[in-house]
Amino acid sequence: MEVEREISFRTECGLYYSYYKQMLRAPSIQQGLSELISDNATESKRTINLLRRMNIYQEVFLGVLYRILPIQAYLEPVYFYIYTVFSLQAVYVIALFITSWLLSGSWLAGALTGVWYILNRVDTTRVEFTVSLRENWSLPFFALQIAAITCYLRPHLKPIQQKVVLWLMFLATLCFCLTWQFNQFILLVQALIIFTLDCLDLISTEQVTCLYLVQVSSLLSVWLLQFCNSMILGSLALSFIVAALFVKHFQRGLKTGGLAARLGKLLLHTVLVLALTFTIHYLAKQALQLRSDEHIFKFIKSKFGLGPTRDFDASLYLCEEAFGLLPLDTFDRLAGTLLAYPYLVTLIVLLVMLALVTLANLCDSSAVGRPPKGRCEARPICMRADVAYNLLHTVFFGLLALGTMRMKYLWTGHMCAFAAYGVCGKELWSLCLNMIHCNTKTKLRLIRYTLPLVILCFLYYKFWPKLMTELSELREFYDPDTVELMTWISSKTPKKAVFAGSMQLLAGIKLCTGRVLTNHPHYEDRALRERTRQVYQIYAHQSPEEVHGILRTAGADFVVMEDSICYERRHGRGCRLRDLLDLANGHIMDGPGDNDPDLVHASHPRFCESVKTDGPAYTALFTRVFQNKTFHVYKLRRGKKRAKADREPVAMQD
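Here the residue index of a chain counts from 1 through its sequence in written order. Reporting in this predicted model follows two pLDDT cut-offs: at least 70 for local features of residues, and 80 or more for side-chain atom pairs to be given and counted; totals over whole chains, interfaces and linings ignore these cut-offs and use all residues. Values shown for side chains rest on all heavy atoms present in the structure; no hydrogens or waters enter the calculation.

**Some points on the packing of aromatic side chains**
Part 1: Pairing of aromatic rings covers Phe, Tyr and Trp, the last counted by its six-membered ring, and requires centre-to-centre distances within 6.5 Å; plane angles under 30 degrees mean stacked, over 60 mean edge-to-face, and any other angle means tilted. All chains considered together, the criterion is met by 32 aromatic pairs.
Part 2: Considering the side-chain rings of Tyr 460 and Trp 464, the 5.5 Å spacing of their centres and the 25 degrees angle between planes classify their relative orientation as stacked. On the criterion of helical spacing, the pair formed by Tyr 460 and Trp 464 is a turn pair, its members being four residues apart in helix H24 (residues 441-472).
Part 3: Looking at Trp 464, the relative accessible area reads 41%, which means it is partly exposed.
Part 4: Ring pairs connect the aromatic residues Phe 142, Phe 176, Trp 180, Phe 182, Phe 185 and Phe 397, which therefore count as one cluster.
Part 5: By definition, being over a ring means that NZ of Lys or CZ of Arg is both within 6 Å of the ring centre and within 35 degrees of the ring normal. Its guanidinium or amino end placed over the ring of Tyr 16, Arg 134 lies 3.8 Å from that ring's centre, counting from NZ or CZ. Secondary structure follows DSSP: runs of H or I at least 4 residues long count as helices, runs of E at least 2 residues long count as strands, and numbering of each begins at the N terminus. Throughout this description, buried means an accessible area under 20% of the type-specific maximum (1.4 Å probe, protein chains only), exposed means over 50%, and partly exposed covers the range between.

**Quick look at the state of the cysteines**
Part 1: Cysteine sulfurs are considered disulfide-paired once they come within 2.5 Å of each other. A full pass over the atoms with the stated rule returns two disulfides.
Part 2: Through a disulfide, Cys 319 is tied to Cys 575; the S-S separation comes to 2.1 Å. When the S-S torsion is -75 degrees, as for the bridge of Cys 319 with Cys 575, the disulfide is left-handed. Here Cys 575 lies in the loop between helix H29 (563-566) and helix H30 (577-585) and Cys 319 lies in the loop between helix H17 (312-318) and helix H18 (329-336), a separation of 256 residues in the sequence.
Part 3: Between the sulfur atoms of Cys 566 and its disulfide partner Cys 608 the distance amounts to 2.0 Å. Looking along the S-S bond of the Cys 566-Cys 608 disulfide, the torsion reads about 80 degrees, which is the right-handed sense. Here Cys 608 lies in helix H31 (residues 607-610) and Cys 566 lies in helix H29, a separation of 42 residues in the sequence.
Part 4: With its disulfide-bonded cysteines labelled consecutively along the sequence, the protein chain is connected as 1-3, 2-4.

**Comments concerning the sheet that holds strand S4 (residues 622-627)**
Part 1: Pairing within the open sheet is mixed, and its five strands lie in the order S2-S1-S3-S5-S4. The outermost strands of the open sheet, each flanked by one partner alone, are strand S2 (516-517) and S4.
Part 2: In this description, strands pair whenever DSSP reports at least two bridges between them. Judged from the five bridges that link them, strand S3 (residues 558-562) and strand S5 (residues 631-636) form a sheet pairing that is antiparallel. Across the sheet, residue Phe 558 finds its bridge partner in S5, namely Lys 635.

**Some thoughts on the confidence of the model for the protein chain**
Interpretation of this model should avoid reading the predicted coordinates in detail wherever pLDDT is low.
Part 1: The quantity known as pLDDT measures the predictor's confidence residue by residue, on a range of 0 to 100. Averaged over every residue, the pLDDT of the protein chain is 89; the share at 70 or more is 94%.
Part 2: Any pair of residues with heavy atoms lying within 4.5 Å of one another is described as a contacting pair. Across residues 640-654, where pLDDT falls below 50, the model places 10 contacts with residues more than four positions away in sequence or in other chains.

**Quick look at the pairing of S4**
For a regular strand, side chains alternate in direction, first toward one face of the sheet and then toward the other.
Part 1: Here S4 pairs with S5 via five bridges, running antiparallel. Looking across to S5, one finds that Thr 623 is bridged to Lys 635.

**Re the packing of helix H2 (residues 12-25) against helix H3 (residues 29-37)**
Part 1: Two elements in contact, H2 and H3, have axes separated by 8 Å at closest approach and are oriented at 145 degrees. Across from Tyr 19, Gln 22 and Met 23 in H2, the residues of H3 making contact are Ile 29, Gly 32, Leu 33, Glu 35 and Leu 36.
Part 2: For the contact of H2 with H3, the class distribution of residues is five nonpolar, two polar and one charged. Every axis in this analysis is a line fitted to C-alpha atoms, fitted for helices over the stretch in contact. Angles between the N-to-C directions lie between 0 and 180 degrees. For this classification, Asp, Glu, Lys and Arg are treated as charged, while Ala, Val, Leu, Ile, Met, Phe, Trp, Tyr, Cys and Pro are nonpolar and the rest, including Gly, are polar.

**Examining the pattern of salt bridges**
Part 1: By convention in these notes, a salt bridge is any Lys or Arg side-chain nitrogen within 4 Å of a carboxyl oxygen on Asp or Glu. What the rule picks out here adds up to 29 salt bridges.
Part 2: A salt bridge links Glu 427 to Arg 384; the shortest N-O distance between them is 2.2 Å. In this pair, Glu 427 sits in helix H23 (residues 426-435) while Arg 384 sits in the loop between helix H20 (372-376) and helix H21 (385-403), placing the two residues 43 residues apart along the sequence.
Part 3: Its salt-bridge partner being Asp 590, residue Arg 578 comes within 3.7 Å of it at the nearest N-O pair. With Arg 578 in helix H30 and Asp 590 in the loop between H30 and H31, this pair connects stretches of sequence that are 12 residues apart.
Part 4: For Asp 590, a relative accessible area of 23% puts it in the partly exposed group.
Part 5: Among the ionic contacts, a cluster of salt bridges with common partners joins Glu 43, Arg 46, Arg 53 and Asp 525.

**Focus on the pairing of S5**
Part 1: For S5, the tally of buried residues reaches five of six residues, placing the bulk of the element in the interior.
Part 2: Joining the antiparallel neighbours S4 and S5 is a turn of three residues.

**A word on unusual backbone geometry**
Part 1: A positive phi angle, close to 65 degrees, is found at Lys 45, a residue other than glycine.
Part 2: Mapping Lys 45 onto the fold places it in the loop between H3 and helix H4 (50-53).
Part 3: With phi around 65 degrees, His 156 is a residue other than glycine that occupies positive phi space.
Part 4: Looking at where His 156 falls in the secondary structure, it is placed in the loop between helix H9 (134-152) and helix H10 (159-179).

**Overview of the nonpolar core**
Part 1: Working definition of a nonpolar core: buried Ala, Val, Leu, Ile, Met, Phe, Trp, Tyr and Cys residues. They are joined through side-chain atoms within 4.5 Å. Residues Phe 9, Tyr 81, Trp 116, Met 169, Tyr 212, Leu 350 and Met 383 are the most contacted members of the largest nonpolar core, which totals 124 residues.
Part 2: Top element by residues in this core is helix H22 (residues 408-424). It accounts for 12 residues.
Part 3: Those residues in contact with Met 169, other than ones at most four positions away along the chain, are Gln 145, Ala 148, Ile 149, Tyr 152, Leu 211 and Val 214.
Part 4: Residues Cys 319, Tyr 523, Ala 540 and Ala 617 belong to the second largest nonpolar core, which totals 33 residues.

Next comes the structure, spelled out in structure tokens:
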């Protein structure tokens, strides 16, 4: 059934897909766009510009494309959407293929990259079970951008080729930024990589400037397309790039002098850039009154023990496994497909080479002004700029993945291309053969082509039967309780009814029923985060009057409570949603275990449990209108006189 297909878009995926559905159901494309720009159904009592707040241009584009293409008769909208996202994953693999081919000069490296990506898909992509997640749209474009950068940094590239590649780089960066709200943090890491390459004198000044300008122009283009979204102007990435370009312009003697002098200058240069970055960032946030991204910085501070541990927003992230450290079993899986071994060997060898090349660059003051490719020809050990970029890329994003598991998808795909380069690349094998004094073209070619073929044959023998078994499995989504809830809401409640509840469930209600929400999973707005924390008091120790007042302030007509949250067992004590609320409210947590000495016993029972008793204090304000094994729906009563009359009995009962 359609409702079963739609509830399979879990959490924020359902919210994003609902806008694609909204574009299809609008009387015209113009009206559909107008409804998205002036939306009053996503957040009750508020009219918001969804194109400004969220990264949903892809849903708008697909909605328009589906309407104008003659495919409605034989392809349903949901399959058009899913097939498009899956096709983008093919683009992702093609981009990784190109990157490894450019680095190694062998198409076998590209083939090995694609095979590794598919066999390690548990760690390289989440597209199988979170189709409409923003990263599934953006990472293919990010991979294309990396391929374009790799091509741009190749030696002996003609000026016309450089211009074409820069335009491709800009388009890929623009699409990447437009489709994911975390683009600014990814571009910040990439800007740090470019900054490091510049400091180590591995790329030319012209290349540095061009790469920075591509990033800036992409961010500013997205700022315009998102109706002047202030989060972009106040981003750390933009502040860092401006600071780096400004300091670089005025610090012209950076790459002169001996080793000690250059190291001192580099240290001073780095300090100046970082100081100016944080100054620009602070001033921009003050001028724009920007506080929407503060939850990210709270999370980072709390993760390293630098911020409050009871902050509700930060704790929501810290308690999720996806935002924890990378599990060690990830490396077991990567080793099982023979990916981890060549990756680690390549990484270690290239890091040693990078250290030697960097030391040579810093000591050789006569090389200043000469292009990096000219220096390479005069030295026994050198490193191409495109290889250096990809090396630092895998190091920086690897550190990010080790610290936050969700970020591994930025790392593992590139890891496949990097390891394939190690297996098929000329430089590494030439170095090894030189060390044993038997470097000939025939032996080099034999190794470069034989080893990847042996690995591919082994992977085919080991994994082909398993892949065929997985492809033959057909599964059907089964969640009768949620289907029953959605069917009841669609048929028994007014179309303009406002629903309160958990962020994840409300996204599904928006998609399946079109009802108005109090809150939703897109957590990038400060006012919405505060409202979500207030609505979640239904799972805290609060009086019925307090909860009723909170929900009415948010405009709710119905509230949906879930037993899976009220009696949660998925997380341990201290990370259950009810525990986070208790800590934020200064209350002692449930169950056996230690509590901080400043926490106090709550003066009211837990609302989600007590409302089921149908006591007079609760029935005066809430009427149960639906229930099954998973969900309980209550309608809020509006009569103030009734509530007033019942206050005395409530106090006596408490």
